[in-house]
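Residue-level structural notes
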Amino acid sequence: MTERQLHINYLEYSSAVKMPFEDRELLESAISAAEGAYAKYSSFRVGAAVRMSNGVVVIGSNQENAAYPSGLCAERTALFYASARYPGESVEAIAVVALDDKGVLTELTYPCGACRQVMAEYEMRAGREMRIIVGSAGVVQVFTGVRSLMPFIFDNLA
Ligand code: THU
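Cut-offs applied
- Residues numbered from 1 in each chain as written.
- Predicted model: local features only at pLDDT ≥ 70, side-chain atom pairs only at ≥ 80, totals over all residues.
- Heavy atoms only, no water.
- Patch = residues over 30% accessible without salt bridge, like charges linked within 9 Å, V, L, I, M, F, W, Y side chains within 5 Å.
- Areas by Shrake-Rupley, 256 points an atom, 1.4 Å probe, with all protein chains shown as cover.
- Salt bridge = Lys/Arg side-chain N within 4 Å of Asp/Glu carboxyl O.
- Helix = DSSP H or I, 4+ residues; strand = E, 2+ residues; numbered from the N terminus.
- Expected span 1.5 Å × (residues − 1).
- Buried < 20%, exposed > 50% of the residue type's maximum accessible area, 1.4 Å probe, protein only.
- Contact = heavy atoms within 4.5 Å.
- Core = buried A, V, L, I, M, F, W, Y, C linked by side-chain atoms within 4.5 Å.
- Axes fitted to C-alpha atoms, helices over the stretch in contact; angles between N-to-C directions.
- Parallel < 35°, antiparallel > 145°, perpendicular 65-115°, else oblique.
- Left-handed = near helix turned anticlockwise from the far one by under 90°.
- Nonpolar A, V, L, I, M, F, W, Y, C, P; charged D, E, K, R; others polar.

**What about a nonpolar patch on the surface?**
- On the surface, a cluster of nonpolar side chains totalling about 340 Å² of accessible area is made up of Tyr38, Tyr41 and Tyr68.
- Its location among the elements puts Tyr41 in the loop between helix H1 (21-34) and strand S2 (45-52).

Okay, here's the thing in structure tokens:
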């Protein structure tokens, strides 16, 4: 038996104002995207913004449904549309944020496991890692590559 260890590097900004302009801009797009959320059942509004390799920013928000599993997270709404609209482009970065009635949450909102799996597939397809920007009203964290968030993914068939 061998005990192994994993080490994860990520950046943490105490405020979005300290981020590079492009990342801050993407986070701002995610915040406005959350306004489009249809979150009738959870009242948890999430916004995502994807910057593609051609510079285009695609947004998404969570879309819920009375038949709960039929809804979709903000990240996958954005990623699936981005891939459908620009199949030849890769994802440079995705920003994610959630809102409540007072605005952007003070807690970080990390992508769920299913969204991480989808990010992993697009990374493999493009042969490049994406940066994942996780926002809050205060701290913002930036991860390079989805394996920083989910090191062991299902990739046997990919
Ligand atoms: N949600 C997202 O949009 N992204 C996540 O990463 C986590 C959860 C949505 C799904 C559902 O509409 C609501 O938040 C509550 O789970």
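**Concerning helix H2 (residues 74-85)**
- The terminal C-alpha atoms of H2, which comprises 12 residues, lie 16 Å apart, in line with the 16 Å expected from a rise of 1.5 Å per residue.
- Taken together, the buried positions of H2 are Ala74, Glu75, Arg76, Ala78, Leu79, Ala82 and Ser83.
- On its buried face, H2 sits against S2, strand S3 (57-61), strand S4 (91-100) and helix H3 (113-126).

**What to know about the nonpolar core**
- Val50, Met52, Leu79, Ile94, Met119, Met130 and Ile132 are the most contacted members of the largest nonpolar core, which has 27 residues in total.
- Contacts of Ile132, omitting those with residues within four sequence positions, involve Ile94, Pro111, Met119, Gln141, Val142, Phe143, Gly145, Val146 and Leu149.
- By size, the runner-up hydrophobic cluster in this structure holds 13 residues, among which are Met19, Leu26, Ala93 and Val140.

**A look at the packing of H2 against H3**
- The N-to-C vectors of H2 and H3 enclose an angle of 25 degrees; their axes lie 9 Å apart at closest approach. Looking at the two axes, H2 sits roughly parallel to H3. Between H2 and H3 lies a crossing whose hand is left-handed. On the side of H2, the interface is formed by Glu75, Arg76, Leu79, Phe80 and Ser83, while H3 contributes Ala114, Cys115, Val118, Met119, Tyr122 and Arg125.
- Class assignment of the residues belonging to the contact of H2 with H3 gives a composition of 7 nonpolar, 1 polar and 3 charged.

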